[in-house]
Structure formats: structure tokens, C-alpha cells
There are 2 protein chains.
Amino acid sequence: MADSELPTRPKTESTNEAAPAEGGDSKNASKNALKKAAKEKAKAEKAAARAAQEKAQAAAAEANDTAKGLYGQRPDSEKIVSTTRFSELSEESYEKEVTVVARVDNARVQSAKLAFLMLRQQGQKIQAVIAAAEPISRQMIKYTGGLNVNSIVQVTGIVKKPEIPISSATISHLELHIRKVYMISEAAQMLPMQAEEGQVDAEGTPLVTLKTRLDNRVLDLQTETSQAITWISSGVAQLFSEYMIKSGSRWIFTPKLVGAATEGGSNVFEVKYFKRNAYLAQSPQLYKQMCIAGDMESVFEIAPVFRAEESNTHRHLTEFAGLDFEKTFQNHYHEVLDFAEDLLVFILTQLKERYAPQIAIIQKSYPKAGDFKLPKDGKALRLNYMDGVALLKEAGVDMSEQERFENDFSTAMEKQLGQIIREKYDTDFYVLDKFPMAVRPFYTKADPADSRFSNSYDFFMRGEEIMSGAQRINDIKELEASMRAKGLDPTQEGFEDYLNAFRQGCPPHAGGGLGMNRIVMFFLGLPNVRLASLFPRDPQRLRP
Amino acid sequence: MADSELPTRPKTESTNEAAPAEGGDSKNASKNALKKAAKEKAKAEKAAARAAQEKAQAAAAEANDTAKGLYGQRPDSEKIVSTTRFSELSEESYEKEVTVVARVDNARVQSAKLAFLMLRQQGQKIQAVIAAAEPISRQMIKYTGGLNVNSIVQVTGIVKKPEIPISSATISHLELHIRKVYMISEAAQMLPMQAEEGQVDAEGTPLVTLKTRLDNRVLDLQTETSQAITWISSGVAQLFSEYMIKSGSRWIFTPKLVGAATEGGSNVFEVKYFKRNAYLAQSPQLYKQMCIAGDMESVFEIAPVFRAEESNTHRHLTEFAGLDFEKTFQNHYHEVLDFAEDLLVFILTQLKERYAPQIAIIQKSYPKAGDFKLPKDGKALRLNYMDGVALLKEAGVDMSEQERFENDFSTAMEKQLGQIIREKYDTDFYVLDKFPMAVRPFYTKADPADSRFSNSYDFFMRGEEIMSGAQRINDIKELEASMRAKGLDPTQEGFEDYLNAFRQGCPPHAGGGLGMNRIVMFFLGLPNVRLASLFPRDPQRLRP
């Protein structure tokens, strides 16, 4: 059945009117506010009048409603039922009666004898139809077609094959002919935005801005695309832990409240800790190394990481999920680098294998970046930093001798290098090894063969960094010298416990730290890391 | 070979002398400090004299050292080797040459021709012996027997069957006859404490206090018992995630930085967040419910939880690992309670199955509590709160009518109830359902049959609470009324986003929050929760 006629009841607020922007254009704001207030007053009056009328009609009709008990408040007898999920329905369900619990994605009265519901479960949509025929009454049709969008209802009906596929539904080859419909949780008549995405105007600008979506994140999470993205995030964490556990690694929980700002004082959040100050850990770096010194051999952590950076970019958050690991090695730090490369290849390959339906859904909304390319032979591409410098030079981007050893690539250079490598090696995932010592933190081991370089590596996806790692210095004298060379004072408060760990003997080790949200973002080609965070935090955003 | 003679070199500081206590007895402190300084000066002079003498001797001896290159600094040719782990050694290794990397747990020179090392890998100990016989020189024996305790060495030797089992080693049926010994990471001559536990004086008081152990946590982690405990912690997190993932639940990461102190203002840590204040989440409660409102159906989180409680008890931490879950249900909240009970039975059963060797090791140090008793039929014992009240009454502990409905059990009553239940039902794990509404938070659903009670439950291990959970109110009007009844203002800043989630429709749901560290503590019968945290945090402790 077609799904075109206009609904007879006032619809949800159109999304671009709703949720005035915090700190938006203040000149238009007051004008808009006045207009909006007047509009809302008129609407409220209309609504009140309608409600009164409806109540009177309802009372009059109740006596001879043949559908009494089949709709509205759920009777006790309907409270213990066996419900079916949309995903369980198939052509084999035709002509069978099922009960589903779902959201009202859309409701409209076609005529006094016919109404439609679009039902939604985790973004998947099925059409339901109700037509007047004993015992279904006009009152029940009116109730059904007038349900508030986003309400959760329990619907019993017969699964039918529609005459033509329902193009507006995601499950288009079946529809539900309603027998009963009960309210489980009623949504307000006015929602701040429509739980829908990917809709753009004639110029290609999204109808709902990212800000509105994030302000109303709960509604936004209900969409098919958000559902799929949150599955990918869950998958990355799961695959990381799966691989680490299989390798014999121990899951650790290191403190986020630390006594001193040891990793760069300016980017750290300060906490009132009883009568003194504490700080939020910017990474578990020092603690996972202390676990290695504590003979734990191979450890991993999955935990929030806090960065008080005033960075308002598409890829920075002040709080994100960190996936960290640290391992001892026998002979060479490349044992750990091999391990880390295989870890990432495992995660990315398995994401494609286990989450193909979700990836397909997300690509409908974000098609621009295209499929994520993995190395064909299942082994990560590893180049040295200087290979990257050479590839850029070939493409006309030259770095001076000084820049090469004292700077790192700029973000623009990294992206360009990503393009070059994609064209040359046909992969979106690769590793650069042997970064200049000057650009790495104090605990990084210098390359024994050439002290301008270090035994450190970055991992890239689509030309953007997702992991930084290195062999760490495990000799106390070397560590103290490296700190001094970086302008740090080993006797500074907060370093004592860390340095003691090396004074008491520590095996050679290496590791790395991954940003989960960035992996999700770059794997899916999302335009903003906030889309890969449930409730993102940035310098401007602390809610919801 | 016997392991009794005194060593010829100065030993590590005895543990009760080391690491003066922060805020300890100040009268004795200065006296002790003077005494200690004099002692240390004498020691240092002695050490310097010895070092000079050794250097001279070494230079003289070097020319005719038959073992040159077999000990000391590792030559390049010994840097790429295949090492064997202690756990790989067996009687089949007898007479074979192996190379191991391990810590020196103890080193002593028996005579000019004989020295012993006790080698340690993650708490496991094997004895190694070195005897003069071509090409092994007296210099090499002196070097080996004089190694600093806790140094990490690479040892090559022949595995032999000892004449009598080495009782001081954990692997007593084999010993290593040393051929080569190289330094990997040298420990300082003086360690702040001996990495050993369970040693008590004649009165049964531990020789090393918990404070000293925690102050020197890296050394403490190296012991066999600590190694085993950290495996159990890792196991709890792994088993929780395994069960949740298998059930189809999504792994979530909710923000720890929140804009308002919505869950009780006094126990929350305040954070400087750019130009305003933020707070550290005391639980993911409101956010996991918002995920449910966002149609995620079943979610779980593994993340730090922060409590600014001035509680200096054996079971309180200011930061701990929270294992949280939240699920929708079809017909009754007992669907979720059943799920949670099975989850805990799974975790506890699998801990016993997968970590039997670790549990046995821990029980040697902490035998008091005994084996953890699980219900024989694999189903959790579930009683109602009022059943608990009745059991206590039978045992002579009566609560007044008012106490029953307005208070909860005291900690002492909980412990006694744990004893009663253990005797009556032969289990250390059980569940109490239907707590009084008065003692539960505002989002708890009242029992529809009797509003004095609520659809809420606590889980207990050995009479101490490890989880609290409930059906949550999913109706906005009911929720606002419940807030007001608890003296909270629904219009207060910070509640808006949470309440909007319910205004937009939310399915019925229930969940719970587990404390990982407490599960480990009570499962193993540890006397203090700090032993079940890698780097514990309490009002007094922010380091290491």
C-alpha cells in the first residue's frame, strides 16, 4: 500500500525549528523566540481545544466501542506475552499472528476506516496497517493513527505479504495487519527533533545539524545508522580484548586519579581530592610500565583517557576510550611491533567479517570515504619514517634536513602520505617505524644504530594516526638522562615511584596506545569523531 | 643441595627498617633518622672500599679469566637467543641446555668454588648453581653469587635433577647448572623491601605491613601471591565481558566527565573543566539508562567509578573498577534478575575452573576464609529482604517495624546473615530481592503489589554486598514523582537530558552495577580490598 497521503493530526516539530542553538546567532535569536512563542501559544490552544473535544467524543463512544480492551492501556492479560523481534520475521511468518514491541516511527490516519503505523526496532522499520472490520472500531483506528511519534507500543497482528513492497520500510516484503495495540511508554507529542538522518536539502546540507543531533543524542542513537556505529564501537573493544586475552595478556585497571601531572602539566585536568589536588591520567603509560616492572609480562587496559586540550577539531575529544597494551620481548622490539600489527589486522579484518550488515547501513549515510582497504596478504605494510619522507618528496613535498629530524609530519602531510600509500600499496592501514627521537616522549628508546631516530612507531588509518607506540627505556640511567635531555627533572614530585620501578630492575618492553573512537571514525570514514562517541566531550560540550 | 649458609655480601635492607611511614610516629622518627643516616654512611663507606678493591682485583684477574665472555655484560652473540619459560620445564628437560631470563630472588657465594642463585619468574622459583670447573672461573662464581637481588639476568645452563628436592624453590624437582650468566637489568643494591609475603613474626603480625607493600607496589606485584591475584582480577573482567557479549549485549563507553553532580552532591569529585566545573561520574547509571532509551536494548560497561567518600575501611576505595549492565525485559524484571544471577554463577564457577592454580597459591597466604562455596545446583539462592529479616530474627537479631522499612541491614547484620545462610543453605553467594523503597535511589521502581518495597536486589558474597540493582522507573510522571518524594528537584540542572530520555519513550528495563575489586576480595577471602586493586586509591593514598 502506498504511503503518501498527508496525516490528519499535527506532526512532530520539524527538526530545523527545534532546539535553539546554544551561543547561536544572537541577533536573530530574540526575533525567532518571539515568533516561536506566538506560534507555540496558538498551537497549545488548538491542542487544548482538540483534547477537550476528543475527551467528550471518547466518553460518548466508549459505550458502544466494539474494540474495547483491544487498544489503549494494556490489560493485565496482555502483560505476559511472547513477543517476536523484527529480525525473526520472514516470508515463513506470512498469515501468522505475532506480537511485537516497537517504537512508532510514524502514525497517520488515512480515513475514518484506515490508518497506518510505521513501527521501528533499533532503526529497522515495518509497516503496520489497521482497517475497520469487526471488532476493530473507528475509535481504535483513530487512536492508532493518532499515536505520538516515538511512543513504544505493543502490537499484535497478522503478518501479510503487501501487494507491492513497502519502499519506506527497511523490511519491505511484509506488513502487519493490526489486531491489538497497547501503549508501553508514551512519548511527548513534540519531540526536539526527528530521529532520522542523512536527509539533506537541495545544497546537500544536512537538515539536522550535528549539534542538534548531539544535543538530543538519545533520539539520535535510535536511528539505524547510530545503532550500527555503536555496534562497531562495541566490536572494536571486543576484538581488542579477545586478541589480547588469547595472547596470554592480563587485563589491568590502573588509576585515573593520579597525584602529579607527570605527562605534561598543561593538558591535564585538575581534581579536588579531599584536602589536596589530584589529576586525571592522560594515559596509563607510566602505570602499564610499572606493571611490566612488576613482572606481569603482557598487560592491556581498556579505559577512559582524559586530555585537557583546547582542540576544537573534527578528531579531538577531551575524553575518549583508550586501548592500551605493553609487553616484554625477548630479543628485539619488532617482536612487539609484529604483535601490534597483527592485532590491528585482526581487528579490522574481523570488523568487516562480523559487522558487514552494519557497515553497509553506515555507508548509506556516509558513502564518501568508500570501503576501507586492508592489505591483501593479511600482513600490515610497514615503512620507516624516512620512507614516508621520501614518498612525500617524490610527490613534491620536501622537508628540510632540520624539519626531518626535529619535526613530525603535519596533519596535511600525513593525509597526503595516506593518499600516496593508498595508490602505491592499495591499503588504508599502514605503519611507520623509526620516528625521530626529537618528536617522541622521554621514555622512548633511541635507535641504538642512529640516535637521531628512535625505536618508535605510529599506526595510520586513511592517513590519520590511530596509535603511537615504542620500545621504552628500561635502564634507569638511560631513562634519567633522557628525561634531562627533554628538559624534565627526574627528582620532580610524581616521578619517584615510576623511576623506582626501574631502579629495582625492569625487563625490556614495548607497547602502544590506540584511540578506539578514532579507529571507528577512520574505519567507517565518518566525518567527525563525535559520531563515534556515545556522549562526546569537547571543550564546549559536557552534555548530555 | 642445601640452602642454609649465610651469604658473604651485605644483604638487602630488612623490610621493617625501610620506607619510613608517611605521617608515622614523629617522636621516634628523628631519632631513627639519625641512627639510620649514621648506619647508611658506614655502609656506604664500606661499599665504596669494597668496590675499589673489587675493581683492582678484577683488572688483575681479567687477563687469565677462563670464563671471559661467559658472564657480565651480554655480548652481541647472546642477544638473539631462544629462551625457555619456567613453566615449560619438566623432567623431560633433564640434561638439556636451556636459556632463561629471570629475576635474582636470592644470590649467595658458598665458597670460592661454589655459588647459588634462586631465580624467579612471576613468583615461581628455581635454584641455579655454579661450581668451578673449566671454563668457569672463580671470578665468574664471585660475580654470580654477588648479583644484586631482583636484577634480571639471562642464564644458560643444564637442567639437572637435584639429589634432594629444593624445598625453598617452588619448582623443587629440578635445578640449573649454570654455564653463562648475563645482566639484563640490574637492580639497586638496596631495595626498599623484600618481594616476599606471608612472613609473620612470633605473634603472627606480618613482617611487612600492608602500607609498606602498597608504597612499594611494583616489588609487591612480583610475588607469587600478587601475581595470582592480578590474574583473578583479569579473569573477572574477562568472564563478565565474555558473558555479556555472548548474550548479545553491546559494550558501551559513557562519559566520566559530567556537567552536574546528579547522584548526590557530597560524594562527588569536582574537576576544573576549562572555564567551568565538571564532576567525575559516581556510576554510569543515568547514561546506561539513556542508552536503553536510545534503543540499545542490552548494554554493559567496564570502567572506573569515582567516589569522594571519606571512608577509611577495609572495603572502600575512592576509585574502583565498575562492571555495569542494563537490559530491557519483556514481561517482568525477574527476567533480568535471572540473567544477572546466572552471570555471577558463571563468573564464580569459571574462576574456580580456569584459575585453580592461582587460587591455591593465594590460599597459602590467605587461608582463613576457606574455599568459596557455590550453590550445588548451579542456580543462585534468591531470598526476599523480609526473609533475611526473619532469618536474623530467628538468630535473635530483631528489627523494629520502622527499621525494617526505613533502614537497611547494617554491615554487621549483613555479615551475620551471610553466616546464617552459609550454614543453612551451604552457599557463600546469594541474592536478596525486594528491598524497602526507602533505602533505594530515586530511579528505583516500587513494587506494584506493595509500595513499601521495591523491585530491587542486592547480591552478596560471604555476607558482603558486591552488586546493587533494580528495575528502573521508565515512566516520566512516575520518575518525577519519585524524585520529589526523595527530596530531589526534577528541574535541577543536569537532570534535563536524563528526564528527556523518558519523555521521548523508554522501554521497561533493569540492571545492576558490580564492584570488580570486591568480587575478587570476597571470592578469595582477602582481608583488604586494596590487595585486589593494582594501585589502590583511598582518601589517604594517591600513590604510587
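Coordinates for the structure precede this section.
Read on for an overview of the structure.

Cut-offs and rules
Residues numbered from 1 in each chain as written. Chains lettered and ligands numbered in written order. Predicted model: local features only at pLDDT ≥ 70, side-chain atom pairs only at ≥ 80, totals over all residues. Heavy atoms only, no water. Pairing = 2+ DSSP bridges. Helix = DSSP H or I, 4+ residues; strand = E, 2+ residues; numbered from the N terminus. Buried < 20%, exposed > 50% of the residue type's maximum accessible area, 1.4 Å probe, protein only. Polar contact = N/O pair within 3.5 Å; in protein donor to acceptor, adjacent residues only side chain to side chain. Axes fitted to C-alpha atoms, helices over the stretch in contact; angles between N-to-C directions. Parallel < 35°, antiparallel > 145°, perpendicular 65-115°, else oblique. Left-handed = near helix turned anticlockwise from the far one by under 90°. Contact = heavy atoms within 4.5 Å. Least-squares fit on C-alpha atoms with pLDDT ≥ 70 in both.

## Thoughts on the sheet that holds strand E12 (residues 319-328) of chain B
Residues and elements named next belong to chain B. Taken together, eight strands build an open sheet; the order of strands is E7-E11-E12-E17-E16-E15-E14-E13 and the sheet is mixed. Single-partner strands in this sheet number two, and they are strand E7 (250-251) and strand E13 (381-384). One ladder, built from four bridges, connects E13 with strand E14 (residues 429-433); its direction is parallel. Looking at the pairing, Leu381 lines up with Tyr430 of E14.

## Regarding the side chain of Ser454 of chain A
All names here are of chain A. Tracing the chain through its elements places Ser454 in the loop between strand E14 (429-433) and strand E15 (456-461). Looking at Ser454, the relative accessible area reads 0%, which means it is buried. Side-chain polar atoms of Ser454 contact the backbone oxygen of Phe435, separated by 2.8 Å. Among the polar contacts made by the side chain of Ser454, one reaches the side chain of Ser456 at a distance of 2.7 Å.

## Re the packing of helix H5 (residues 224-246) of chain B against helix H7 (residues 334-354) of chain B
Residue and element names in this part refer to chain B. Here H5 crosses H7 at 135°, and the two axes come no closer than 9 Å. Here H5 is positioned oblique relative to H7, judged by the angle of their axes. Handedness of the H5/H7 crossing: right-handed. Contact residues: Ile232, Gly235, Val236, Gln238, Leu239, Phe240, Glu242, Tyr243 and Met244 in H5; Phe339, Asp342, Leu343, Phe346, Ile347, Gln350, Leu351 and Arg354 in H7.

## Thoughts on the pairing of strand E4 (residues 124-131) of chain B
Where a strand is regular, its side chains alternate between the two sheet faces. Residues and elements named next belong to chain B. Summarising burial for E4: six of the eight residues are buried, a large majority. With eight bridges connecting them, strand E3 (residues 114-121) and E4 associate as antiparallel partners. If you follow Leu114 over to E4, its bridge partner there is Ala131. Counting the residues in the hairpin turn of E3 and E4 gives two residues, including Gln122, whose phi is positive at 45°. Looking at chain direction, E4 and strand E6 (residues 175-185) are connected through three bridges and run parallel.

## Side note on the relation of the copies chain A and chain B
Note that the two copies of the chain are related through a rotation about an axis and a translation along the same axis. For the pair chain A and chain B, the relating rotation is 180°, the translation along its axis is 0.0 Å, and the fit reaches an RMSD of 0.1 Å. The superposition of one copy onto the other is thereby described by a two-fold rotation axis. Considering only C-alpha atoms, the part of chain A nearest the rotation axis is Val271 of chain A, at 2.2 Å. Mapped onto chain B, 100% of the interface residues of chain A again fall at the interface, so both copies present the same surface.

## A word on unusual backbone geometry
A cis amide bond links Arg543 of chain A with the next residue in sequence, Pro544 of chain A, at an omega value of -5°. Checked against the element boundaries, Pro544 of chain A lands in the segment after helix H14 (516-524). Positive phi, normally seen in glycine, also occurs at Glu297 of chain A, with a value near 65°. Position of Glu297 of chain A relative to the elements: it lies in the loop between helix H6 (285-293) and strand E11 (298-306). In this model, Lys434 of chain B sits at a positive phi of 65°, which is unusual for a non-glycine residue. Examined against the element boundaries, Lys434 of chain B turns out to sit in the loop between E14 and strand E15 (456-461). Look at Lys434 of chain B and you get buried, because its relative accessible area is 16%.

## What to know about the environment of Pro284 of chain B
All names here are of chain B. With respect to the secondary-structure elements, Pro284 resides in the loop between strand E10 (276-280) and helix H6 (285-293). The exposure class assigned to Pro284 is buried, which follows from its relative accessible area of 3%. For the pair Pro284 and Phe300, spaced 16 residues apart in the sequence, the C-alpha separation amounts to 9.8 Å. Not counting chain neighbours up to four residues away, the residues in contact with Pro284 comprise Thr254, Lys256, Glu301 and Asp324.

## Digging into the pairing of E15 of chain B
Residue and element names in this part refer to chain B. A large share of E15 lies buried, amounting to six of its six residues. Across the two faces of E15 the burial is the same, with Ser456, Asp458 and Phe460 and Tyr457, Phe459 and Met461 all buried. Where E14 meets E15, five bridges bridge the pair, whose relative direction is antiparallel. Along E15, the bridge assignment pairs Tyr430 with Phe460. The turn joining E15 and strand E16 (residues 464-472), which pair antiparallel and follow one another in sequence, is formed by two residues; a positive phi near 50° is taken by Arg462.

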